[in-house]
Amino acid sequence: MLPGLHAQTLYEWRASDGSTVYSQTPPDPGQGIVSRTLKLQDLDGPERATTLRVAARSANAADPLPQALRSADNRIGLAIIALKNAEQALRTGQSPRAGERQHLVNGHSRLKQVYFDRIKALESRVAQARAELQAAYAARDALKP
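Per chain, residue numbering runs from 1 following the sequence as it is written. Reporting in this predicted model follows two pLDDT cut-offs: at least 70 for local features of residues, and 80 or more for side-chain atom pairs to be given and counted; totals over whole chains, interfaces and linings ignore these cut-offs and use all residues. With hydrogens and water stripped out, all remaining heavy atoms of the structure feed into the side-chain values.

What follows covers the environment of Tyr-137. Of note, Tyr-137 is situated in helix H3 (residues 113–141). On a C-alpha basis, the gap between Tyr-137 and Ile-76 in space is 6.5 Å, while along the polypeptide they are 61 residues apart. Ignoring any residue separated from it by four or fewer positions in sequence, one finds Tyr-137 in contact with Ile-76 and Ile-80. Helical segments are the DSSP runs of H or I of at least four residues, strand segments are the runs of E of at least two, and each set is numbered from the N terminus. Here, two residues are considered to be in contact whenever any of their heavy atoms come within 4.5 Å of each other.

This paragraph deals with H3. Expected span of a helix, by definition, is 1.5 Å for each gap between consecutive residues, and there is one gap fewer than residues. If you check H3, its first and last C-alpha atoms are 42 Å apart, about what 29 residues at 1.5 Å a residue would give, namely 42 Å. The rule is simple: take the accessible area with a 1.4 Å probe, protein chains only, and divide by the maximum for that residue type; under 20% is buried, over 50% is exposed, in between is partly exposed. Residues of H3 that are buried include every one of Tyr-115, Arg-118, Ile-119, Leu-122, Val-126, Ala-129, Leu-133, Ala-136 and Arg-140, and no others.

The next subject is the sheet that holds strand E3 (residues 32–39). With antiparallel pairing, 3 strands are arranged side by side in an open sheet as E2-E1-E3. The open sheet has two free edges, formed respectively by strand E2 (20–23) and E3, since each of these has just one partner strand. Across the sheet, the axes of successive neighbouring strands diverge by a mean angle of 25 degrees, strand direction being ignored. Think of it this way: DSSP has to see at least two bridges between two strands before they count as a pair. In this description, a line fitted to the C-alpha atoms serves as the axis of each element, helices being fitted only across the stretch in contact, and the angle between N-to-C directions of two axes falls anywhere from 0 to 180 degrees.

Our focus in this paragraph is the pairing of strand E1 (residues 9–15). With 5 of 7 residues buried, E1 is to be regarded as a mostly interior element. Direction of pairing for E1 relative to E3: antiparallel, over a ladder of 7 bridges. Along E3, the bridge assignment pairs Glu-12 with Arg-36. Pairing analysis gives 4 bridges linking E1 to E2, with the strands arranged antiparallel.

Below, the structure written as structure tokens:
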């Protein structure tokens, strides 16, 4: 448990640009409108976990839990990017490339095995990226204080 977090209060407020902000301090006058106050001891489940992560980001940098949470969040961010890239590669790789189509004498054509092997490799990368993202979420969830 982070020191002092049992009484931690976080504020959810809407900034003047329309974005939602979570912080340990309410906005300065004219900077935003508080939509709700979150008290850690009153929360449970995913809302408590999210609030702990927000609080941990501003805790003492020497504390091991905030460092572990930041590292876990970074791993998740990288896994999300890798998954998006793998999915994009699969989408753009759907079209046959030169040499992947066999032309038949009757004017038709069919795809060669090399095409299917390439698609299988792209699908495998997507599956690996999804597995890494799930592992990253599980690792972060295991850090619950």
